[in-house]
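Topology and contacts: notes
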Amino acid sequence: MGYALDSDYGAMLNDGYSSEAIFVLDFTAVDFQLLGYYYRAKGAAGGRREIGPTTSFIQQYSPGYVAGNPATFVTTDARGQHDIKFQGTTLPYTVYGAKWETGIGGEDYHVIRFAEVLLNEAEAEAQQGKLVEAEASLLPIRARAGLAAARVDTMTQANAIATILQERRLELAFEGHRWPDLVRTGRAVGVLGIPAFQQLYPIPLQELDVAPGMIQNTGY
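Conventions we followed
- Residues numbered from 1 in each chain as written.
- Predicted model: local features only at pLDDT ≥ 70, side-chain atom pairs only at ≥ 80, totals over all residues.
- Heavy atoms only, no water.
- Helix = DSSP H or I, 4+ residues; strand = E, 2+ residues; numbered from the N terminus.
- Contact = heavy atoms within 4.5 Å.
- Salt bridge = Lys/Arg side-chain N within 4 Å of Asp/Glu carboxyl O.
- Buried < 20%, exposed > 50% of the residue type's maximum accessible area, 1.4 Å probe, protein only.
- Pairing = 2+ DSSP bridges.

**With respect to the environment of Arg168**
- The topology assignment puts Arg168 in helix H7 (residues 157-171).
- Taking C-alpha positions, Arg168 is 7.7 Å from Glu116, a pair spaced 52 residues apart along the chain.
- Every residue in contact with Arg168, bar those within four places of it in the chain, is listed here: Glu116, Leu119, Asn120, Glu123, Ala173, His177, Asp181 and Arg184.

Here's what the structure looks like:
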């Protein structure tokens, strides 16, 4: 259908109508979204940093990273280079998610982009044991990030699936996929250390009031 990965990871995120766009929400500085505002650091970065990347997540891009020290953040992954930024003049620096270029909110939001479709395809193929096909689906995403092939076709099926899920985490960081990915794959309790019941939200009281036969989710 003419879809393709944008050659520039960072540019794609700020051009809602690139070849990668499938379903995009259009925003302007007047009709704005708040993602950049909430992720970016206070001050020159133009945000308020109510949401920030954890040290353990940053280390997925740069294993040697030491919290608050940008000199230790070293990665060849174009996604990490674009999405992780530092602000300040003295240690510890403020680290923030920089997927969106400004805190103004004029960047469009990709609800579905072609990279996610390729990742969906790779995961589905791996689940079926089609690891050669899964590698072919994953390869262009890795190549755009400046990384060597993952070679999931040489792995066990379980390791191939885990590798693809990790690629989702890095490619789709800060885009709202992490939580549903953890829940649907049965990893939320183990990874986040939460009680099992918290995988479901509570049903709002106003909904229970108008539907007496409805039962609140366990734990709430």
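**So, the pattern of salt bridges**
- Applying the stated rule across the entire model yields 16 salt bridges.
- Its salt-bridge partner being Lys99, residue Asp83 comes within 3.6 Å of it at the nearest N-O pair. Of this pair, Asp83 sits in helix H4 (residues 78-83) while Lys99 is found in the loop between strand E3 (94-97) and strand E4 (109-113), placing the two residues 16 residues apart along the sequence.
- Judged by relative accessible area, Lys99 falls into the buried class, the value being 1%.
- With a closest N to O distance of 2.8 Å, Glu123 and Arg184 form a salt bridge. Pair noted here: Glu123 is in helix H5 (residues 114-127) and Arg184 is in helix H8 (residues 178-184), with a separation of 61 residues, a long-range link.
- Put simply, Glu20, Asp77, Arg79, Asp83, Lys99, Arg113, Arg142, Arg144, Glu167, Glu171 and Glu175 are held in one network by salt bridges that share partners.

**Section: the pairing of strand E2 (residues 84-87)**
- Of the strand pairs in this sheet, E2 and E3 are connected by four bridges, and their pairing is antiparallel. Paired with Gln87 across the bridge in E3 is Thr94.
- In sequence, E2 turns back onto E3 through a hairpin of six residues, with Gly88 there showing a positive phi of about 135 degrees.

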